[in-house]
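Descriptive structure summary
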Amino acid sequence: MSKPKCIVRPATDVTEALDLWWPFMQLFAWNRASEDITLHYVPGSFLVAAAQDNPDKAEGCIVPFVFSNGTGWVGFFCMNPSKQGLGWGAALFNAGLDHFNKHSALIVGLDAVQQQVGTYGRRGFVEKGRIRLMSCTFGQESMSRPPKDAEFDGRKVELQEVHPSVLTKSDLAHTGLRRDDVWDRIWERDGTVGYALVRDKQQPVDSMDELDGWVLVRTCEDGFRVGPLYATSPRAASFLLTAAMEGAKTKFPEQAKKAKSFVAETWLGNAHASSIFDSAGFAWVGVDYHRMWLNGVVPEAQQAGGRADTDAFAMFDAGQG
C-alpha cells in the first residue's frame, strides 16, 4: 500500500491553529496554556500538514517565526503519532526552511531535546547553547528574602509601566531576536504579570538604559512559568524572581489554589542562573533543551560571553527562543 501524500498549507485562522496546537502541548506535556496561542499564531506562518485527499484535517504543524531583524526560529514542530513515519515530518520541516528563505531569515535557530539533536544536526543545525528546565513544587519555595527594592538605586514597577518598545529592545539585546509582536501584545494574554527594576524614579519607562532587569510570569497548566528573567546582577535577578513568584500568587489566586509548580527555562550560559533558581527551591527536572543554529551561525547576543551569558537568567519560551 502506498503512503498517503501530504500537503503543507498555512492554518486558516487562529481557531484551527489552537485546535491543533493545544492537544500537542498536552500530549507532549510541554506545560503551556491555551492562551499562549495568541503569542504564537502568525497569519500565513503557522504551517500545517494534511492529507492530500483530506486537506481540511490538519495533522501536524510547524511555526517558522521570522522576526523583524531577520532572525528566524523553528517553533512547535509537531506531528500526530498516527502520521509519523510517512515522510510528512520531512515535508513539513522543509516547508519551514523554505519559509525562512522566502522571508530572508539570515540566522535560524531552534531548541531540541536530546533525542532530536542528531536529526537536526543532519539538517545543518549546530548546538551552541543549553536551556535547563527547572521546577519548584508549589508551596515549597525556599527563597531567602532579598533586599527590599528601596535598597536598590531605583524602584520596582509593574512591567506594564515599561513601554513595549523598551521590552522589545531589551529582549533583542539578550537574545538576538527582535520580537515586536510578542511584546506589543503580551498584555492581551490573560494570566500575565511582570516587574522591572528601574533606575530613574520618573515615569514613563521609555529607555532600556533605565532597566536593571525585568521578569515575566504566566499561568500554565501546572501553575506558573517564569521567564524571561533578565538582570544586570544576580542580586537583581534574585529580587525579581521573588517578586514574580509572590506576584503570581497574589494576582492569580484561583490559579494558585490549583497550582502544582513554578517552572523556568534557565540559560546555562549564565554561570549564576542555576544557583539563583536553586536558592528559590527550583530543581532540574531532567530535561535540557539543546539550542542549535543553522550552519552554526549564532546571534551576537547568544555568542559566548554575549549579553545572554551575563544578564539572561531564564528565557521566554523554548518554543520561540
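Shown above is the structure to which this text applies.
Source: prediction; values computed, not measured. (Residues numbered from 1 in each chain as written. Predicted model: local features only at pLDDT ≥ 70, side-chain atom pairs only at ≥ 80, totals over all residues. Heavy atoms only, no water.)

**Examining the overall build of the chain**
- Helices and strands together make up the secondary structure of the chain, namely ten helices and 13 strands.
- Computed over C-alpha atoms, the radius of gyration of the chain comes to 20 Å, within 12% of the 20 Å expected from 2.2 N^0.38 for 321 residues, which places it in the range of a compact globule.
- With the C-alpha coordinates aligned to their principal axes, the bounding extent of the chain is approximately 70 × 40 × 35 Å.
- For the chain, the accessible area works out to roughly 13,800 Å², and carbon and sulfur atoms hold 49% of it.
- Across the chain, 33 positive and 39 negative side-chain charges occur, with their mean positions spaced 4 Å apart. (Helix = DSSP H or I, 4+ residues; strand = E, 2+ residues; numbered from the N terminus. Rg over C-alpha atoms; globule rule 2.2 N^0.38 Å. Areas by Shrake-Rupley, 256 points an atom, 1.4 Å probe, with all protein chains shown as cover. Lys, Arg positive; Asp, Glu negative; His and termini not counted. Charge placed at Lys NZ, Arg CZ, Asp CG, Glu CD.)

**Quick word on the nonpolar core**
- In this structure, Leu229, Phe262, Phe277 and Phe282 are the most contacted members of the largest nonpolar core, which totals 33 residues.
- Every element with two or more residues in this core is listed here: β6 (125-137), β8 (192-198), β9 (211-220), β10 (223-231), α7 (234-251), β11 (261-267), α9 (273-279) and β13 (312-314).
- Ranked by the residues each element gives to this core, the list is headed by α7, at nine residues.
- The contact partners of Leu229, leaving out residues within four places of it in the chain, are Trp214, Val215, Ala237, Leu240, Leu241, Phe277, Asp311, Ala312, Phe313 and Ala314.
- If you look at the next biggest cluster of nonpolar residues, it comprises 27 residues, including Ile131, Ala196, Trp267 and Phe316. (Core = buried A, V, L, I, M, F, W, Y, C linked by side-chain atoms within 4.5 Å. Buried < 20%, exposed > 50% of the residue type's maximum accessible area, 1.4 Å probe, protein only. Contact = heavy atoms within 4.5 Å.)

**Remarks on the pairing of β8**
- With respect to burial, β8 is a largely interior element, seven of its seven residues being buried.
- Here β8 shows two buried faces, one formed by Thr192, Gly194, Ala196 and Val198 and the other by Val193, Tyr195 and Leu197.
- In terms of strand pairing, strand β7 (residues 155-158) meets β8 through four bridges, oriented antiparallel. Paired with Lys156 across the bridge in β8 is Leu197.
- As judged from the seven bridges shared by β8 and β9, these two strands associate in the antiparallel manner. Bridging across to β9, Gly194 finds its partner in Leu216. (Pairing = 2+ DSSP bridges.)

**Some remarks on the environment of Glu59**
- Looking at the secondary structure, you find Glu59 in strand β3 (residues 54-66).
- With relative accessibility at 7%, the residue Glu59 sits in the buried group.
- Considering only alpha carbons, one finds Glu59 and Ala304, 245 residues apart in sequence, at a separation of 38 Å.
- Those residues in contact with Glu59 that lie beyond four places of it in its chain are Leu20, Phe24, Ala49, Met79, Asn80, Lys83 and Trp88.
- A polar side-chain atom of Glu59 sits 2.8 Å from a polar atom in the side chain of Asn80. (Polar contact = N/O pair within 3.5 Å; in protein donor to acceptor, adjacent residues only side chain to side chain.)

**Quick notes on the packing of aromatic side chains**
- Here the structure, examined in full by the defined rule, presents 20 aromatic pairs.
- When the centroid spacing of 6.0 Å and the interplanar angle of 5° are considered together, the rings of Phe65 and Phe67 count as stacked.
- Residue class for Phe67 comes out buried when judged on its relative accessible area of 9%.
- In this structure, Arg132 packs its charged tip against the face of Trp284, placed 4.1 Å from the ring centre.
- Above the ring of Tyr195, the side-chain terminus of Lys156 is found at 5.0 Å from the ring centroid. (Phe/Tyr/Trp six-rings, centres within 6.5 Å; stacked < 30°, edge-to-face > 60°. Lys NZ or Arg CZ within 6 Å of the ring centre and 35° of its normal.)

**A few points about empty space enclosed by the protein**
- Counted according to the given criterion, the structure contains one cavity of 30 Å³ or more.
- Residue lining of the largest cavity: Arg218, Arg225, Val226, Val263, Ala264, Glu265, Met315 and Phe316, and that is the complete set.
- Contributions of two or more residues to the lining of the largest cavity are made by β10 and β11.
- Among the elements that take part in the lining of the largest cavity, β11 stands out by supplying three residues, more than any other. (1 Å grid on protein atoms, 1.4 Å probe; cavity = no way out; pocket = protein on both sides within 12 Å on 5 of 7 lines; lining within 4 Å. Points joined across faces, edges and corners; volume = space filled by probe spheres on them.)

Treat this as a map of the structure, not an account of what it does.
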